[in-house]
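# Structural description and commentary
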Amino acid sequence: MKNNIRKIVGYLLIIPITFVLSCKKLDVPPISSVTSSNFGQSATQIEAAYTASMNFLWGRYYGYADVIFYVFQNDDQWQGGNLVIPANNGDLLWQMHYQALTNINNALLAIKQGRVQGETPQTIAALTGEGKLLRAHNYFNLVRLFGDVPLITEDTPDPANNLMARSSVKDVYTLIVSDLQYAADNLPDSWSNAPGKPTSGTAKSLLAKAYLTMATYPLNDPNYYQKAADAANSVINSGTYALTDSCVNVFKPENKYSREMIWSYNSTYDDRTSSARSWAPSEWLTGGWDGAPVDTAFEHHWTAQPRKDAYLLLGLNGQPYTTAFVTATPYVKKFFYYITESDFNKNQCATNLPIIRYADVLLIYAEAANQANGGPTQAACDAINLVINRANGYVPNAGHPLLTTRMSKQNFDNAVIQERNWELCFEQPDRWFDICRKRILDKVSAPYPQELANYSPNDYLFPIPQADLKTDKLLTQNPGYPTP
Amino acid sequence: MAQKKLVNGVVFDESKVAIPGVTVVQKGTSTGTITDAKGQFSIQVTGKDASLIFSFVGYESKTVSVGDNATFEIKLKESNVELTDVVVVGYGSQKKSSLTGSISSIKGKDLTLLPVQQVSQALQGRSSGVMVLNTSGAPGSDAIIRIRGMNSVNGGNAALIVIDGLQGGTLNSLNPNDIESIEILKDASATAIYGSRGANGVILITTKKGKKGKPMINYDLIIGNQTLRHKIDLMNAGDYARSMNKYRATQDGAGTPPPVFTDGQIVAFDKNGGTDWQNEIFRNAPIQNHQLTVSGATDNVDYLVSGGFVDQQGILINSLYKRYSLRTNLGTEITKKIHFDLYYFGSIENGNVQLVGASMTPFIGGPLSQSLSSALVFYPTLPPYDSNGKYSAAMPGVGPSSSWNPLASAKEPQIANSTVQNNVNANLDFKILKGLTLRITGGAFIRNIKNKSYYNGNTMEGQASALGVGIATYESVLSFNLQNSNILTYDRLFGSKHHLVATVVGEQQYGRNESLSLTASRFAVDLTGANDLGGASQLNSKSSNASERVLNSYLGRVNYTYDDKYLATFSYRGDGSSVFGANNKWGYFPSMSVAWRLSQESFIKELKLFSDLKLRASIGITGNQGIAPYQTLANMVSGANYPYNGRANTDIGFQIANVANPNLKWESTKQTDIGLDFGVYNGRLTLSADYYNKTTSDLLLSKVIPLYTGFTSMLSNVGSIENKGFELALGGDPFVGKFSWNSNFVISFNKNKVLDLGDVTELDFVGSLGGMDIGSGFMQLRVGRSFGEMYGYGFKGIWKTSEAAQAAAYGQLPGTIRWNDANNDGKIDANDIIPIGNSQPKFIFGWNNRFAYGNFDLSVFIQGTQGNQVFNESRIVAESQYAGTSTRLLDSWTPTHENTNVPGYINGSTWNSHPELVSTISLGGDAQRSQRWVEDASYVRVKNITLGYTLPSNLLEKYGISRVKVYGSATNMFTITKYTGYDPEVSSFNDNDAQIGIDLGTYPTAKTITFGINLTF
């Protein structure tokens, strides 16, 4: 009997033994793919995440290379626009910025959790700075386009399972400012062999712009003018940047990483930007696509100066645009005129779209210093005059004179805004943001009474996408736009 | 002193035929004898009150008391084999009479009646509730098998295949000859024991083992010939030329254009008929199948070794399938209490069928580059080779000018697909105590696939360019599944009435899958292709992948029978799987069933009517794992590149591909089933009927999430689908005796309905390849409707001259297509898209008949479907006016021939003369999603007729041969159907069950005539 029992127990023990010894765990980690929770173990991997985030914003036929052709029609530079803003106008922008942010936040989390191996604290700080700058760039655009937006950082609990409400504009700017300040303090002034990467100068320039926007609509806090001026000034005094000698050379392909370009959306021949043909008229070489006709009223108001001819295509073969082009409008030269004929005809070009350049910083300084001081300072005039002088080809131009400290604060301010309109034309979405922060949409639409009839102060914000309003009831729509 | 008496007699069966070999034993003694060849016996019985017991396999034993008699005539009754049959169930076996679940059982010998090469083909029409769809006639192709309808959208609907207890096998590599029996588990009570993998039904395969008795050597040979079953009716060269000219003449908007073919050419075409491209690419294809099996058993060892060779050429030129297989099933009694089995199966399959239908990958030029599609539209007026000896090229500007020579597309691609399958299985059985057994099993499926192809300069894909020639693909997959099951079974009869069987199992499974795929092009030399990828100057794509999965399970089952009358089964399984999300790693699947054997009740026995009468009911929950490994995690993928550094070359970007969902879990199916089994006339007529109701919920579908998460959707468990149905299996022996007829009929009805799709009300599926003018969402799943729904524009015929005014309202002329204005708004646009067809049948059936007379036997197997439709996409180009080859074009509308469904040829100038006609028809790129191409694909097919003759045994005894049978067989010979394509049993798009029902360039079915010989030594 005992024998039997022993035998039974012996046999029965075989089961748990064979089981436990060879039991494989149920948490099987992937062997051919990486997951977001173990990604980011080296600087290269972190930068791969940053690279992906920029890919969402800029690529062939998508991102800012594509969206700008139709969502900013209502400014005074693009021809067309009727101030009837459709409910889906902001959809692509919203989606691509948040796609970028998801990947940036994941990378920042990886750094925060100490996953990055084998790098000095300095490198890690610089890596963090890059991520924060990219995050600030995305939120800066989001807050200017939509106003209050859901604020997601690396600390936010999983948004896919925790619905979010819109955070106030003020809170978003608080994050933007703190991110850019960190970046300014921790990014190097330049990277060796990487002219396209953001630097401390990039951070300071963006910070200056952010401060300037905080000083105007919607926050309207004049204390920020001085901060904007200081930030812009530190960029000017760094000596890193300088204006290109002539307007004609600013957008030449060989100058895409010149001392004037602080940070751009980059392109290369194996990762091309959108086609140059989108910008060109159909009469140009083998034919453009008439995608960017310039508003004729805009052209009329532009006083004669070398810069106008450098930036706008006003005619062809001796004919003015009214007869040379089937659309009877001018075209902007910046992104197609200066590339080689062969590149244009083969439909390949690698032009960058500047996000911020030195001319912009000079103008920010001028505007901020003027406002902070209650009137133009000499430094303010000097800054803007660099731009004006270059625009005039370094000769006096009565139709486009240099500015002096004798001007009133308001007139100087108007002149700065007008200078921005010309200098930064079609480097979207700069003009749209200037119109919104200075609240001049009705003024610039004045030449078109039919358009003006559709104007309302609600037009300064894009609608929140219907898809998100449907899936997240905590989100509210911007006034004047439909809810699902 | 014991009395001794000599008793003798004869034993007959019910038809008065003497039975030799019957055992005659005096009850209570060891005195016994057996009947001789004439059924006679003689035995000395001792003592008073002696009784004799007569017993023989297959007959009910009879006990007779001797009394005063000395001579007996004993009639033995055949025992109802059905009821004592043992049926394999999950983790064990049961007598058929004590089953409480819904299980179909198919004996191996019934499978081999049909000369098939694939097990899946053999299953068709044999079991109620099982649909087998042969989507393609290509040799070696697999069939789609669905048990009781389709449950899932994204999780897969294939049944679990269990081979000798090893889960997760494939049917195709198996040799049908090796199979002892197939059990198909259908309801929850039978399938819940497989837990998270049982929702789609389970197919249990048990292979043969050596049987006691003298060793047997079996040799089977089948040789035969296959031909194209049905040819599409296409025009000859003369009619085609006239048709092309007729079309060209309609392009007269700016003056009369010159005709495509001159009268002289047409006269020549009429004389020589032109090229019949179907004849060029199809051929008679031989098939041969050799099987050799050696098996036997001694007291301690049983063995079965079988080898097989199949060589099947395909009816499309340059296509074939070969399979070499070897099986050794060994068993040995190590001691009285320990038994060991070892099964090994290995097979090598080589095939070279090219990608057809919708499996054509993007690099292949689409339908027009692929021979089966282009043969239907290529110019009959062109010879296969031109005057330079090169393949004729398409005529520019006429007809399908971007298509490729069908003969070249069939002949030139070099394809080598090979699969090596190794199945190993070992069991160790311990008899621990009386009634308590432990089985420890270990097994592995190892599968190695290597597919190579090279499309050389004579194909459209590989045609020469300035940079090189040819395109090659190389794909390699290694997958293996390991399994260890430890099964403890306790089987005990308490008293005489309580029978309890309890089973407890602990099981673990591990699977690993590795794949590599390369595509390279622009070779300098047009020869070596995939065997020398270094010769390619461009690597088009490269990818590799590896994944693992783990499944740990605990399960138990209790069967309780009271007095052989009242039966109950309860089972429970817990599955812990690595593919489930972190918060839902373990799933639990219970089931319960009861049955009442009315035939054992005295009030039924008194009726003397039923040999079997059973009522059963079951309910339970099963699951479908459905989730791919790592799908619950947020995976990173490469590809989002951008020149972040601003250098001359772009930088690699890695992005998060999907949102993590730690809550993701299996799809869950709740099924109830009630069934009735009865047998009358002593089992000569049996019936088994089931009604079932299944609801599958927690479907794996995309749930829409806010865009600010960085994604648009997340894979979640939302949505549900319902399947309700009725199955019937009738079996009968209308005739027994010298002439016998055994008949089996199965019929299944299934109604499928989508109940919920989560956030959306419809899901779109691709129904076409580019360029066919069918937009997305041709096949759709909609809430409230079933799988297989086609959405498009209704077709109401052709406008007649008498309807000119109505036609004008749409801007049309008589002779053009009359679309269905579904919403009656005077326009034909996207709002008029309605359901135009459904590929799900109302019912499917199979009818098997076996007639035997003396040494002859005849089997006739009929199967079919009713109520299903197929979208015949191949007709779109074949019946177009600009490129049409179909003879239907000869029936086109003219003012004097209005009774037709083929639009007329209307000149551009005629349109120009009606400037008042303003078209309200805007179909966009969707003009061909028309009901015109939807056809009824119901069919009844005499699938197989086999006539066999077994040589009389006395002729062969002296040669040592115990049995020889010769037979002739015809497969797919007769089909009744209205479908005009190659075969009504077809499906080209099969990635998702929602796409089934479209015919575009699929490999046609063959009809086969074979002769076979069966030798047993």
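Criteria and thresholds
Residues numbered from 1 in each chain as written. Chains lettered and ligands numbered in written order. Predicted model: local features only at pLDDT ≥ 70, side-chain atom pairs only at ≥ 80, totals over all residues. Heavy atoms only, no water. Helix = DSSP H or I, 4+ residues; strand = E, 2+ residues; numbered from the N terminus. Buried < 20%, exposed > 50% of the residue type's maximum accessible area, 1.4 Å probe, protein only. Contact = heavy atoms within 4.5 Å. Areas by Shrake-Rupley, 256 points an atom, 1.4 Å probe, with all protein chains shown as cover. Lys, Arg positive; Asp, Glu negative; His and termini not counted. Charge placed at Lys NZ, Arg CZ, Asp CG, Glu CD. Phe/Tyr/Trp six-rings, centres within 6.5 Å; stacked < 30°, edge-to-face > 60°. Lys NZ or Arg CZ within 6 Å of the ring centre and 35° of its normal. Domains from an automatic or database assignment. Buried area = accessible area lost by both parts, 1.4 Å probe. Salt bridge = Lys/Arg side-chain N within 4 Å of Asp/Glu carboxyl O. Polar contact = N/O pair within 3.5 Å; in protein donor to acceptor, adjacent residues only side chain to side chain. Nonpolar A, V, L, I, M, F, W, Y, C, P; charged D, E, K, R; others polar. Axes fitted to C-alpha atoms, helices over the stretch in contact; angles between N-to-C directions. Parallel < 35°, antiparallel > 145°, perpendicular 65-115°, else oblique. Left-handed = near helix turned anticlockwise from the far one by under 90°. Core = buried A, V, L, I, M, F, W, Y, C linked by side-chain atoms within 4.5 Å. Patch = residues over 30% accessible without salt bridge, like charges linked within 9 Å, V, L, I, M, F, W, Y side chains within 5 Å. Pairing = 2+ DSSP bridges. Disulfide = S-S within 2.5 Å. Expected span 1.5 Å × (residues − 1).

What follows concerns the overall build of chain A. Along the backbone of chain A there are 20 helices and nine strands. Principal-axis analysis of the C-alpha atoms places the extent of chain A at approximately 120 × 50 × 45 Å. Residue burial in chain A is summarised as follows: out of 484 residues, 58% are buried. Considering only contacts in chain A between residues 6 or more positions apart, those separated by 24 or more positions represent 69%. Total accessible area computed for chain A in this model is approximately 19000 Å², and 54% of it derives from carbon and sulfur atoms. The average position of the 39 basic charges and that of the 44 acidic charges among the side chains of chain A differ by 8 Å.

Turning to the overall build of chain B, a few remarks are in order. Helix and strand content of chain B: 14 helices and 51 strands. Considered along the principal axes of its C-alpha atoms, chain B spans approximately 125 × 70 × 60 Å. Out of the 1017 residues in chain B, the part that is buried amounts to 54%. Long-range contacts, defined as pairs at least 24 residues apart, comprise 69% of the intrachain contacts of chain B with a sequence gap of at least 6.

The subject of this paragraph is the packing of aromatic side chains. Geometrically, a pair of aromatic rings is defined through the distance of the ring centres and the angle of the planes. This model, assessed by the stated rule, comprises 59 aromatic pairs over all chains. Pairing Phe69 of chain A with Trp78 of chain A gives two aromatic rings, centres 5.6 Å apart and planes at 75°, and the pair type is edge-to-face. Here Phe589 of chain B and Trp666 of chain B contribute two aromatic rings whose centre-to-centre distance is 5.8 Å and whose plane-to-plane angle is 70°, an arrangement assigned as edge-to-face. With Phe589 of chain B in strand 28 (residues 586–597) and Trp666 of chain B in the loop between strand 31 (654–656) and strand 32 (667–680), this pair connects stretches of sequence that are 77 residues apart. Each member of the pair, Phe589 of chain B as well as Trp666 of chain B, carries the same accessibility label: buried. Positioned above the aromatic ring of Tyr311 of chain A is the side chain of Lys334 of chain A, whose terminal nitrogen or guanidinium carbon lies 4.5 Å from the ring centre.

So, about the domain arrangement of chain A. Residue and element names in this part refer to chain A. Assigned domains of chain A: these are domain 1 (2–198 + 462–471) and domain 2 (275–348). A C-alpha centroid distance of 38 Å is found between domain 1 and domain 2. The partner domain 2 presents 12 residues to the eight residues of domain 1 that form the contact. Summing the contributions of domain 1 and of domain 2, the shared interface buries around 870 Å²; its carbon and sulfur component is 58%. On the domain 1 side of the contact with domain 2, Phe69, Gln77 and Gln79 bury the most area, a combined 51% of that side's loss. At the surface where domain 1 touches domain 2, the tally comes to zero salt bridges. Taken together, the links from domain 1 to domain 2 amount to three residue pairs in polar contact (both at pLDDT 80 or more). Residues of the side of domain 1 that touches domain 2, tallied by class, amount to four nonpolar, two polar and two charged.

Residue and element names in this part refer to chain A. The interhelical angle for the contact between helix 2 (residues 43–57) and helix 5 (residues 121–146), taken along N-to-C directions, is 15°, at an axis separation of 10 Å. Viewed along their axes, helix 2 and helix 5 adopt a mutual orientation that is roughly parallel. The crossing of helix 2 and helix 5 is left-handed. The residues of helix 5 that touch helix 2, namely those facing Ala43, Ile46, Glu47, Tyr50, Ser53, Met54 and Leu57, are Leu127, Thr128, Glu130, Gly131, Leu134, His137 and Asn138. For the contact of helix 2 with helix 5, a count of residues per class yields seven nonpolar, five polar and two charged.

What follows covers the pattern of salt bridges. All names here are of chain A. For the coordinates displayed, the defined rule picks out 64 salt bridges over all chains. Between Glu427 and Lys334 there is a salt bridge, and its shortest N-O distance comes to 2.7 Å. Of the two residues, Glu427 sits in the loop between helix 16 (409–423) and helix 17 (430–438) while Lys334 sits in the loop between strand 8 (331–332) and helix 13 (341–345), which places them 93 residues apart along the sequence. Per residue, the accessibility class of Glu427 equals that of Lys334, and both read buried. In the salt-bridge network here, residues are joined through shared partners; they are Lys209, Asp360, Glu367, Asp413, Arg420, Asp430, Asp434, Arg437 and Lys438.

Turning next to unusual backbone geometry. Residues and elements named next belong to chain A. Residue Pro218 follows Tyr217 across a cis peptide bond; omega there is 0°. Within the element layout of this structure, Pro218 appears in the loop between helix 7 (200–215) and helix 8 (223–237). Backbone geometry places Asn347, a non-glycine residue, at a positive phi of 60°. With respect to the helices and strands, the residue Asn347 is situated in the loop between helix 13 and strand 9 (353–357).

Here we take up the nonpolar core. Formed by 153 residues in total, the largest nonpolar core has its most connected members in Tyr50, Tyr139, Ile176 and Trp279 of chain A. When residues of this core are assigned to their parent elements, the largest contribution, 11 residues, is made by helix 4 (residues 91–112) of chain A. There are two domains that each give this core at least three residues, and those are domain 1 (2–198 + 462–471) and domain 2 (275–348) of chain A. For Tyr50 of chain A, the residues in contact, after removing those within four places along its chain, are Ile104, Ala107, Leu108, Ile111, Leu127, Thr128, Glu130, Gly131 and Leu134 of chain A together with Tyr644 of chain B. Ala138, Ala410, Leu757 and Ile876 of chain B belong to the second largest nonpolar core, which has 73 residues in total.

Moving on to a nonpolar patch on the surface. Residues and elements named next belong to chain B. On the surface, a nonpolar cluster with roughly 920 Å² of combined accessible area is contributed by Tyr554, Val558, Tyr560, Phe570, Tyr572, Trp586, Tyr588, Met592, Val594 and Ile619. The greatest single-element share of the nonpolar patch, amounting to four residues, is contributed by strand 28. Relative to the helices and strands, Ile619 is located in strand 29 (residues 610–624).

With that out of the way, let us pick up the interface of chain B and chain A. With 59 residues of chain B at the contact, the number on the chain A side is 69 residues. Summing both sides of the interface, chain B and chain A together bury roughly 5400 Å²; the carbon and sulfur share of this comes to 65%. Of all residues in chain B, Tyr642, Tyr644 and Tyr708 of chain B bury the most surface against chain A, accounting for 19% of the area lost on that side. Inspection of the region where chain B meets chain A yields zero salt bridges.

What follows concerns the packing of helix 5 (residues 237–250) of chain B against helix 6 (residues 263–272) of chain B. Residues and elements named next belong to chain B. The interhelical angle for the contact between helix 5 and helix 6, taken along N-to-C directions, is 150°, at an axis separation of 7 Å. In terms of their interaxial angle, helix 5 and helix 6 are classed as roughly antiparallel. Every residue of helix 6 that contacts helix 5 at Ala237, Gly238, Ala241, Arg242 and Asn245 is listed here: Ile266, Phe269 and Asp270. When its residues are assigned to classes, the contact of helix 5 with helix 6 shows four nonpolar, two polar and two charged.

So, about a positive patch on the surface. Residues and elements named next belong to chain B. Together, Lys62, Lys75, Lys77 and Lys608 give the surface a local cluster of positive charge. By secondary structure assignment, the location of Lys62 is in strand 6 (residues 62–65). By relative accessible area, which is 33% here, Lys62 ends up partly exposed.

Next up on the list: the sheet that holds strand 14 (residues 166–167) of chain B. Spatially, 10-15-16-13-14 (chain B) is the arrangement adopted by the five strands of the open sheet, whose pairing is mixed. In this open sheet, the two strands that pair with only one neighbour each are strand 10 (103–107) and strand 14 of chain B.

Another aspect to go through is the state of the cysteines. All names here are of chain A. By the definition in use, this model includes zero disulfides over all chains. The cysteine Cys247 is free of any disulfide, with Cys425 supplying the nearest cysteine sulfur at 9.9 Å. On the basis of relative accessibility, which here comes to 4%, the residue Cys247 falls in the buried class.

This part takes up helix 6 (residues 169–186) of chain A. Residues and elements named next belong to chain A. Taking 1.5 Å per residue as the helical rise, helix 6 with its 18 residues ought to reach 26 Å, and the 26 Å between its terminal C-alpha atoms agrees with that figure. Turning to helix 6, its buried residues are Val169, Val172, Tyr173, Leu175, Ile176, Val177, Asp179, Leu180, Ala183 and Ala184. Among the structural elements, helix 5 and helix 7 are those in contact with the buried residues of helix 6.

Here the focus is helix 14 (residues 358–373) of chain A. With 16 residues, helix 14 of chain A should cover 22 Å at 1.5 Å per step; its first-to-last C-alpha distance of 22 Å lies within 8% of that length. Most of helix 14 of chain A sits out of view: 14 of its 16 residues are buried.

On any regular strand, side chains alternate: one points to one face of the sheet, the next to the other face. All names here are of chain B. Looking at chain direction, strand 37 (residues 739–756) and strand 44 (residues 843–853) are connected through 11 bridges and run antiparallel. Counterpart to Val746 in the pairing with strand 44 is Gly846. Where strand 44 lies against strand 45 (residues 856–866), 11 bridges are found, and the strand directions are antiparallel. If you follow Arg850 over to strand 45, its bridge partner there is Ser859. If you look at the hairpin formed by strand 44 and strand 45, you'll find two residues sitting between the two strands, and Gly854 has a positive phi there, around 60°.

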